[in-house]
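Here are the chains, one letter per residue:
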Amino acid sequence: MNKKRTYSIQQVAEMTGLSKQVIRKWEDRYGIITPERLDNGYRIYTEAEVARLQQIIVLTEAGHSVKQAAMLVQQEEEEQVEQPKAPTDQVKYFLFALEEAGKLADDKKILHLLEQAHHVFGIEVLLQQIIAPFLRRIGELWCEKKWGEYQEAVSSQTIRDFLANLRRRFHVPEHAPLVVGSCLPNERHEIPIHILLVQCMLRGYRTLMLGPAPAPNAIESTVRLTNPSIVLLTASTQAVWADDGQAIRAIDAFAKTVPHIKFFIGGAGIHNALQHFQLEAIQEAHSLQDVFSQ
């Protein structure tokens, strides 16, 4: 496991756009962060503390006072990012309506329902209680041959487009730490990584998404150019093993050369195989909680 990355106050100032004076003020006045002190008295900050500062910035730019923002972040952490629950009847209505729209391959209706659910419930409920169950239902209807290729493709593509547009509209400060997300080579199902990246943005991270089925060298070159804090790799199918894992081994070998960057891998297409497939630099993650607790 990689050693936890830490930053000086100068580095934190450059990453967040805050002055060193403001960082110290927020620490002393609001208890937002509690950096460790070295023997020489200098403060060192963890990635979690930098992310917390980014969350505060996002909330203050949305109109909250610093005190209110600090309380909201603290409350969220105390609840361990527990997902809010929407009224069951409302959720059932949207899921029913989405399935009916998907049956007709009505992309405009699907998009309208997603926008409406976003407005009613907010992002977290939308992702966890609307989009995720609808995706599972699309898969069930496809496997049961109750839906054809066109219905499945239109429904999935509309969700993908909605999530991509949601990420484009979401404001995160330009100095926020970066998360690069990508399907693994040969994997074309990109919706799971879109969902993960939206959730990362809610935590104050900038995000960059690679397209489906990237070449291994595309992932490597992107990481070298952007120097992210975190790289998330996913696979929903067994297609990633078409080359007997050579591409994944190549990415793992590259990850060893950049130990300051955390690499995580997950998804339904990867878990069972990893029981017999040893990775040295890439860590398996079952949720974002695994990623941000490292």
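Here's what I pulled together on the structure shown here. As the structure is a computational prediction, the values presented were derived from the model and not from experiment.

### Brief notes about the overall build of the protein
Looking only at helices and strands, the protein has 12 helices and 8 strands in total. Taking 19 Å as the expected radius of gyration for a compact globule of 294 residues, we find that the protein reaches 21 Å, a close match to that expectation. Overall, the protein is about 65 × 45 × 30 Å in size when its C-alpha atoms are taken along their principal axes. In the protein, buried positions account for 46% of the 294 residues. A separation threshold of at least 6 residues defines the contact pool for the protein, and within that pool the share at least 24 residues apart is 72%. For the protein, the accessible area works out to roughly 15400 Å², and carbon and sulfur atoms hold 50% of it. Looking at the protein, you have 31 positive and 35 negative side-chain charges, and the mean spots of the two groups are 4 Å apart.

### Digging into the sheet that holds strand 5 (residues 206–209)
With parallel pairing, the 5 strands of this open sheet are ordered in space as 5-4-6-7-8. Unpaired on one side and paired on the other, strand 5 and strand 8 (282–284) mark the two borders of the sheet. Averaged over all pairs of adjacent strands, the angle between strand axes in this sheet comes to 25°, irrespective of strand direction. In terms of strand pairing, strand 4 (residues 178–183) meets strand 6 (residues 230–234) through 5 bridges, oriented parallel. Looking across to strand 6, one finds that Cys183 is bridged to Thr234. Sheet strands touched by helix 9 (residues 191–202): strand 4, strand 5 and strand 6. Its angle to strand 5, the strand with the most contacts, is close to 165°. In the packing of helix 11 (residues 246–256) onto the sheet, the strands contacted are strand 6, strand 7 (262–266) and strand 8, and the crossing angle to strand 7 comes to about 155°.

### So, the sheet that holds strand 2 (residues 36–37)
Read across the sheet, 3 strands follow the order 1-3-2 without closing on themselves; strand pairing throughout is antiparallel. With one partner strand each, in any of the chains shown, strand 1 (6–8) and strand 2 form the two edges of the open sheet. As judged from the 3 bridges shared by strand 1 and strand 3 (residues 43–46), these two strands associate in the antiparallel manner. In the sheet register, Thr6 faces strand 3, and the bridge partner there is Thr46. Across the sheet, helix 1 (residues 9–16) lies against strand 1 and strand 3, angled at about 95° from strand 1, the strand it touches most.

### Looking at the pairing of strand 7
Within strand 7, 5 of the 5 residues are buried, leaving the element largely enclosed by the surrounding structure. Here strand 7 shows no split at all, with Lys262, Phe264 and Gly266 on one side and Phe263 and Ile265 on the other all buried. Two elements, strand 6 and strand 7, share 5 bridges in a ladder whose sense is parallel. Residue pairing across strands places Ile230 opposite Lys262, the latter belonging to strand 7.

Calculation criteria
- Residues numbered from 1 in each chain as written.
- Predicted model: local features only at pLDDT ≥ 70, side-chain atom pairs only at ≥ 80, totals over all residues.
- Heavy atoms only, no water.
- Helix = DSSP H or I, 4+ residues; strand = E, 2+ residues; numbered from the N terminus.
- Rg over C-alpha atoms; globule rule 2.2 N^0.38 Å.
- Buried < 20%, exposed > 50% of the residue type's maximum accessible area, 1.4 Å probe, protein only.
- Contact = heavy atoms within 4.5 Å.
- Areas by Shrake-Rupley, 256 points an atom, 1.4 Å probe, with all protein chains shown as cover.
- Lys, Arg positive; Asp, Glu negative; His and termini not counted.
- Charge placed at Lys NZ, Arg CZ, Asp CG, Glu CD.
- Pairing = 2+ DSSP bridges.
- Axes fitted to C-alpha atoms, helices over the stretch in contact; angles between N-to-C directions.

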